[in-house]
Amino acid sequence: MNWFLLTQLLANGLIVGMLYGVVAMCFVLIYKSTQVVNFAQGEFLVLGAWVCLAMVVKAGLPFYVAFPFTLVFMTIFGILIQTVILRPLIGEPIISIIMVTIALSIIMQSVLNWTFGNSSASFPQIFPVENVSLFGLQVETAYIMSLVLSFFVMALFYAFFQYSKYGLAMRATAYDQQAAQSLGVSVGQVFAMSWAISAVVSGIAGIIIGIVSGVSSSLAVIGIKVFPAVIVGGLDSIVGAIVGGVIIGLLENFAEFVDGQYLQWGNLYTIAPFYVLIIILVIKPYGLFGTRDIERI
Amino acid sequence: MGSTALRPCGDFRTTYKTDQYLFQTKVIGWTAAVALVVMILAPVLMSSYVVNLLILVGISGISALGLNVLVGMTGQISLGHAAFYGFGAFSSAYLANNYGVPVLIAIPLAGVMTAIVGMVFGLPAARIKGLYLAIATLASQFILVDFFSRATWFTNGYGVDASKPDFFGIPLDTDEKYFYVVLAWAVISMITVANLKRSRDGRALVAVRDHYLSAEIMGINLTKYRILAFGISSFFAGVAGALYAHYIEFVSVETFSIALSINFLAMIIIGGLGSVPGAFLGAMFIELLPQLVQIISGFLISVGPSVFGIIENGKSYVEQITVGTVIILFLIFEPEGIAHRIGQIRKSIKLYPFSY
């Protein structure tokens, strides 16, 4: 048993899992407040990363200027998508809503590949130090930053939903749309806002991953990894999304360890989350923290 | 989905028996007959390019029809249809190559094998529905494709050769001859599904979709019908996959990606959920769209201003963007698909000038 490798992989899993958690949180946010399953979440990441990279490399802006500009761009983009494409589909059956976000992801994928090319590109050096030694493990600075930023985003989410007026309005809408509307909450605004927040946070996650491992269209894979994470955690629980993300991140790396050390099957690491997904759906369909649907006749 | 509110008046049936006719009006019956005759003559009348397109439309249509039983009739969304299609393709090639099963028999056998696999992957449907089920089928797509690339005894790990069938010693080696195999299967599957729709089982499936609680109270075994829908749907997917394998003569693991699953879903949404001719209309639409895009973009590049020059190096992207846009436009403006629109036009002609 190679303990060192295992710890290293699990540390990796934790960091990647936190990022999955952040993206899963965006996914759950949209699902919870607008009942839309966003299959284009991965493309949001790619978009954020490419836009930021283009500003840094093509326009020559420093990173700390390009970053907020990207966030503004993502806000506008999120609102636009919601009002133009998803608003006409409110109240349509679930298949329409799934298909519209899938179509959106197809369009975004081709537009992004067309504009920015298929190859991968990396951010110029942002941190002065490449590696930091932590408890005897070599950890990249970018990983540390991604961990810190993930915590920061989560804390921000918590504060927003707990204390701000808009956060409360969003929670009220998620709980009962009609009641919220009759108390003066603008449901349309809440819908647009949740898409905007989700797009912004996905953009941040995309930039982080872009810094760590380069920007390319393969970032969109995370949009698929989100599904096991949210199913493990429960589709409508923000806490569940984070826990699920971390579990899937750890699981992936553990699968890679087992695969590399004992089984030698190859690729187990990409497919293991989906087996877990099926098992969870069969034995505990609403995940760890999801609300159970109770149906009355 | 099956709403009666938008239908113009014009249901003139007076007995329950007329509700059960396979062809609701004489016009529909004649249209079907003429279409069949045209299709039988197609290899003689049309160029081999058109025949090739028709074969592809027929194969996709059979697969889309299967998906329509699952999604349109039973209301269970599947994002893993391409994996079942692929399973059919590989199992037919496997049977024909390793056990010497004649190809024309291997095709339905592949359908049966795929139906069994489909029912296994449909087992979660016993407990979950709607969105959760959609995600479960997404997982089954990834698991099956992973299996294809892993199971070297079954697929070589990358792909296998498949041979063209022969019919009592006559080799069906040209497109023109193979066309009739596809046509026969298309007709068989259309008749089967159309008849399914008017049998007890078919009505049970629709009842499960429309209101599963009422359906259960009326004595419909939900689990049985949900899994049965997966079985029927995978059977057609398997047959279509097998037809595809023996047409292309090489089955590659990479063909059966999630993008193909999405294409099948797009076909039934554009054609019309729950409609038998709709599946084929949608398949035609999706298969012909790239051709149309190519013609239009070629035209724009040659005639239009030089701005269109950028289309030249991004043709495949333009195709993808068009497919995505068409899906969104259909969902927003015509969620019930082409079949529904044709029905509307037919009714407004019939009732002209008093359509209300």
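Residues numbered from 1 in each chain as written. Chains lettered and ligands numbered in written order. Predicted model: local features only at pLDDT ≥ 70, side-chain atom pairs only at ≥ 80, totals over all residues. Heavy atoms only, no water.

**Some points on the overall build of chain B**
Now for step 1: Helix and strand counts for chain B come out as 16 helices and four strands.
Now for step 2: Here the C-alpha radius of gyration of chain B, 21 Å, is about what a compact globule of 356 residues would show, namely 21 Å.
Now for step 3: Counting only C-alpha atoms, chain B reaches 60 × 60 × 45 Å along its principal axes.
Now for step 4: For chain B, the proportion of its 356 residues judged to be buried stands at 49%. (Helix = DSSP H or I, 4+ residues; strand = E, 2+ residues; numbered from the N terminus. Rg over C-alpha atoms; globule rule 2.2 N^0.38 Å. Buried < 20%, exposed > 50% of the residue type's maximum accessible area, 1.4 Å probe, protein only.)

**Structural notes on unusual backbone geometry**
Now for step 1: Here the phi dihedral of Gln35(A) falls at roughly 60°; this positive angle occurs in a residue that is not glycine.
Now for step 2: Position of Gln35(A) relative to the elements: it lies in the loop between helix H1 (3-34) and helix H2 (41-57).

**As for helix H16 (residues 337-350) of chain B**
All names here are of chain B.
Now for step 1: Over its 14 residues, H16 runs 20 Å from end to end, which matches the ideal 20 Å to within 8%, given 1.5 Å per residue.
Now for step 2: Residues of H16 that are buried include every one of Gly337, Ile338, Gly343, Gln344 and Lys347, and no others.
Now for step 3: Buried-residue contacts for H16 involve helix H12 (258-271), helix H13 (276-303) and helix H15 (315-333). (Expected span 1.5 Å × (residues − 1). Contact = heavy atoms within 4.5 Å.)

**Focus: the packing of aromatic side chains**
Residue and element names in this part refer to chain B.
Now for step 1: Taken as a whole and judged by the stated rule, the model has 32 aromatic pairs over all chains.
Now for step 2: Between the aromatic rings of Tyr85 and Phe256, the centroid separation amounts to 5.9 Å while the plane-to-plane angle is 70°, which identifies the pairing as edge-to-face. Residue Tyr85 is found in helix H4 (residues 81-99), and its partner Phe256 is found in the loop between strand S4 (250-252) and H12; the two are separated by 171 residues along the sequence.
Now for step 3: Among the residues examined, Tyr85 registers a relative accessible area of 4% and is labelled buried.
Now for step 4: Overall, the relative accessible area of 0% leaves Phe256 in the buried class.
Now for step 5: Among the aromatic residues, those joined into a ring-pair cluster are Tyr85, Phe87, Phe90, Tyr94, Tyr99, Phe147, Phe148, Trp153, Phe154, Tyr244, Phe256 and Phe264. (Phe/Tyr/Trp six-rings, centres within 6.5 Å; stacked < 30°, edge-to-face > 60°.)

**Section: the UniProt feature "transmembrane region" (unreviewed entry) in chain A**
Now for step 1: In the numbering adopted here, UniProt assigns the feature "transmembrane region" (unreviewed entry) to residues 6-30, 37-57, 63-86, 93-112, 142-161, 229-251 and 271-289 of chain A.
Now for step 2: For residues 93-112 of chain A, the end-to-end C-alpha separation is 29 Å, with 95% helix and 0% strand making up the annotated structure. (UniProt positions renumbered as here; feature names shortened; annotations may be inferred.)

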